[in-house]
Amino acid sequence: MYSIERYNKSHEAKWNSFVKASKNGTFLFDRSFMDYHADRFEDYSLLVFEDNKLKALLPAHITDGNIYSHWGLTYGGLVLGFKIHLSEVILIIKSILEYLNVQGLQKLFIKSIPAIYHKIPSQELEYTMFLANAKLIRRDSLSVIENSSAPGFSKTRKEAIRRGYGNGLEIIEDNNLELFWDKILIPNLYRKHKAAPVHTLKEMQLLKQHFPEYIRHFNVYHNGKIVAGTTIFLTDTVAHPQYISGTENNNALGSLDYLYAFLIDLFKDKKYFDFGISNEAQGRRLNGGLIFWKESYGASTLIQNFYEVDTANFYFLDNITI
């Protein structure tokens, strides 16, 4: 019924058009975004067709003989069209698992697209993972504001925001990320975690050139000197600060609080504001201070699930509909 093709460059236009018209895809699945780090991952993305009509996409890569929702993306899962039915998705995932099994690939590791990124409800994958006896191997908690019903900022957060205002902070949108990357982000990540940003400056600048309407950047200045900044990702439904950081005196200045208040107001036309996760250890530990800070803006919790499923489990998806 369904035929599976492994992605290659000839599929690019068809792939990108489908993502743009899908009910749960975002610009992260556009090949111009996915392929910026093609040298780091061996792509194993799949296209699912029915009678030559594209029905679904699986952004993925292969590592050590297993298939993974792309490690270079925050979320993965199955990208679907608006008019698809649950019974079709079950058979599509059955076809994908069977295809991978025939290829000698034993496991599929898949991470869901958080529900806030769906243009309309789309949790067919989660239900089908249950049917396929998939293991829930990780669950992250995202802190999210729903703009239409947000409870508002706490008293402590309002005081911090007023401190930023009183210190005369200035927020400027800037297409050049270099100042923030070199003066704030890279030094902070190294000092706190001995780590580097997931994206290099060159990579993020390239992505911003490709997606100027979806990737925007803001710097915060105090007396003409940069003290904080953010690179924010925008989708149809969500505003999400992908990178945000400030100097060591940001508490005294109120720079990050002031910046977040600015962003939440600026992007209030989006249905959600996503602060991201506060988890460590594959979702098993919660950073209490971080989650408290996010909740002080009125954020509440949404989950993202991660699954491991044996490809041989495709037979569990037979004869589901009665």
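For the structure, check the block above.
The shown structure was predicted, so the numbers you read here are calculated from the model rather than taken from an experiment. (Residues numbered from 1 in each chain as written. Predicted model: local features only at pLDDT ≥ 70, side-chain atom pairs only at ≥ 80, totals over all residues. Heavy atoms only, no water.)

Novice: It is not clear to me how the sheet that holds strand β7 (residues 79–80) should be interpreted in this structure. Could you clarify?
Specialist: Paired through backbone hydrogen bonds, the strands of a sheet run either parallel or antiparallel to each other. Strand order in the open sheet formed by four strands is β1-β3-β4-β7, with antiparallel pairing between adjacent strands. Edge positions in the open sheet fall to β1 (3–6) and β7, since each of these has one partner strand only. Inspection of the sheet shows β1 paired to strand β3 (residues 46–50) by four bridges, in the antiparallel sense. Within β3, the position partnered with I4 by the bridge is V48. Across the sheet, helix α3 (residues 86–102) is in contact with β1, β3, β4 (53–58) and β7; its angle to β3 comes to roughly 125°. (Pairing = 2+ DSSP bridges. Helix = DSSP H or I, 4+ residues; strand = E, 2+ residues; numbered from the N terminus. Contact = heavy atoms within 4.5 Å. Axes fitted to C-alpha atoms, helices over the stretch in contact; angles between N-to-C directions.)

Novice: Is there a simple way to explain the nonpolar core in this structure?
Specialist: A general feature of soluble globular proteins is that nonpolar side chains tend to end up buried together. Core analysis: the largest hydrophobic core is formed by 38 residues, its most contacted members being F33, L57 and W181. Here this core takes four residues from helix α6 (residues 178–193), the largest share from any one element. Beyond its immediate sequence surroundings of up to four residues, W181 is in contact with I186, P187, P197, H199, T200, L201, M204, T231 and Y243. Counting residues in each nonpolar core, the second largest holds 31 residues, with A56, I93, I96 and V309 among its members. (Core = buried A, V, L, I, M, F, W, Y, C linked by side-chain atoms within 4.5 Å. Buried < 20%, exposed > 50% of the residue type's maximum accessible area, 1.4 Å probe, protein only.)

Novice: When you look at a nonpolar patch on the surface in this model, what are you seeing that I'm missing?
Specialist: Among the surface-exposed residues, L86, Y127 and F130 lie close enough to one another that they form a single nonpolar patch of about 320 Å² accessible area. Looking at where Y127 falls in the secondary structure, it is placed in helix α4 (residues 124–131). The class of Y127 is partly exposed, set by a relative accessible area of 38%. (Patch = residues over 30% accessible without salt bridge, like charges linked within 9 Å, V, L, I, M, F, W, Y side chains within 5 Å. Areas by Shrake-Rupley, 256 points an atom, 1.4 Å probe, with all protein chains shown as cover. Salt bridge = Lys/Arg side-chain N within 4 Å of Asp/Glu carboxyl O.)

Novice: I'm lost on the packing of aromatic side chains in this one. Help?
Specialist: Overall, the coordinates contain 28 aromatic pairs when judged by the stated rule. Among the aromatic side chains, those forming a connected cluster through ring pairs are F27, F33, Y36, F211, Y214 and F233. The ring of Y7 carries the charged tip of R31 above its face, separated from the ring centre by 3.7 Å. When the ring centre of W15 is taken as origin, the NZ or CZ atom of R31, which lies over that ring, is 4.8 Å away. (Phe/Tyr/Trp six-rings, centres within 6.5 Å; stacked < 30°, edge-to-face > 60°. Lys NZ or Arg CZ within 6 Å of the ring centre and 35° of its normal.)

Novice: Please explain empty space enclosed by the protein as it appears in this structure.
Specialist: The rolling of a water-molecule-sized probe over the atoms marks out the regions of remaining empty space. Here the structure, examined in full by the defined rule, presents two cavities of 30 Å³ or more. Looking at the largest cavity, its volume works out to about 70 Å³. Taken together, N24, G76, G77, L78, L80, S112, I113, H118, S122, L125 and E126 make up the full set of residues lining the largest cavity. The calculated volume of the second largest cavity comes to roughly 50 Å³. Across the lining of the second largest cavity, the residue classes tally to eight nonpolar, no polar and no charged. (1 Å grid on protein atoms, 1.4 Å probe; cavity = no way out; pocket = protein on both sides within 12 Å on 5 of 7 lines; lining within 4 Å. Points joined across faces, edges and corners; volume = space filled by probe spheres on them. Nonpolar A, V, L, I, M, F, W, Y, C, P; charged D, E, K, R; others polar.)

Novice: Would you mind going over the sheet that holds strand β2 (residues 42–43) with me for this structure?
Specialist: Spatial ordering of the open sheet is given by β2-β5-β6-β8-β17-β9-β14-β13-β12-β11-β10, a layout of eleven strands whose pairing is mixed. Two strands close off the open sheet at either side, each with one partner strand: β2 and β10 (170–173). Bridging between strand β13 (residues 238–246) and strand β14 (residues 272–277) involves two bridges; their strand directions are parallel. Bridge assignment links V238 to a residue of β14, and that residue is Y272. On the sheet, α6 packs against β11 (215–222), β12 (225–234) and β13 and is oriented at approximately 90° with respect to β12.

Novice: Explain the packing of α3 against α4 here, please?
Specialist: When two helices pack together, their arrangement is given by the angle between the helix axes and the distance between those axes. Packing of α3 against α4 leaves a shortest axis separation of 10 Å and a crossing angle of 55°. By the criterion of interaxial angle, the relationship of α3 to α4 is oblique. In terms of crossing hand, the pair formed by α3 and α4 is right-handed. Along its contact with α3, which presents L86, V89, I90 and I93, the element α4 presents E124, L125, Y127, T128, M129 and L131. Of the residues belonging to the contact of α3 with α4, the class tally is eight nonpolar, one polar and one charged. (Parallel < 35°, antiparallel > 145°, perpendicular 65-115°, else oblique. Left-handed = near helix turned anticlockwise from the far one by under 90°.)

Novice: Where do I start with the layout of surface pockets in this structure?
Specialist: Of the volumes computed, that of the second largest pocket is approximately 270 Å³. Contributing to the lining of the second largest pocket are 13 residues, with F18, K53, L54, G81 and F82 lying nearest its centre. With four residues, helix α1 (residues 12–21) is the largest single contributor of residues to the lining of the second largest pocket. Split by residue class, the lining of the second largest pocket holds five nonpolar, three polar and five charged.

Novice: Teacher, can you tell me more about helix α10 (residues 288–295) here?
Specialist: Since there are 3.6 residues in each turn of an α-helix, residues three or four apart along the chain are aligned in direction. Taken as a whole, α10 has its buried residues at I291, W293 and K294. Angular distribution of buried residues about the axis of α10 spans 160°; they occupy a single face of the element. Seen from the open side of α10, the exposed residues pointing more than 90 degrees away from its buried face are G289 and F292. Here the buried face of α10 lies against β9 (135–146), α5 (155–166), α9 (255–266), β14 and β16 (285–286). Where α10 begins, one side-chain oxygen reaches toward the backbone nitrogen of G289, 3.3 Å away; that side chain belongs to N287. (Arc of directions from axis to C-beta. Polar contact = N/O pair within 3.5 Å; in protein donor to acceptor, adjacent residues only side chain to side chain.)

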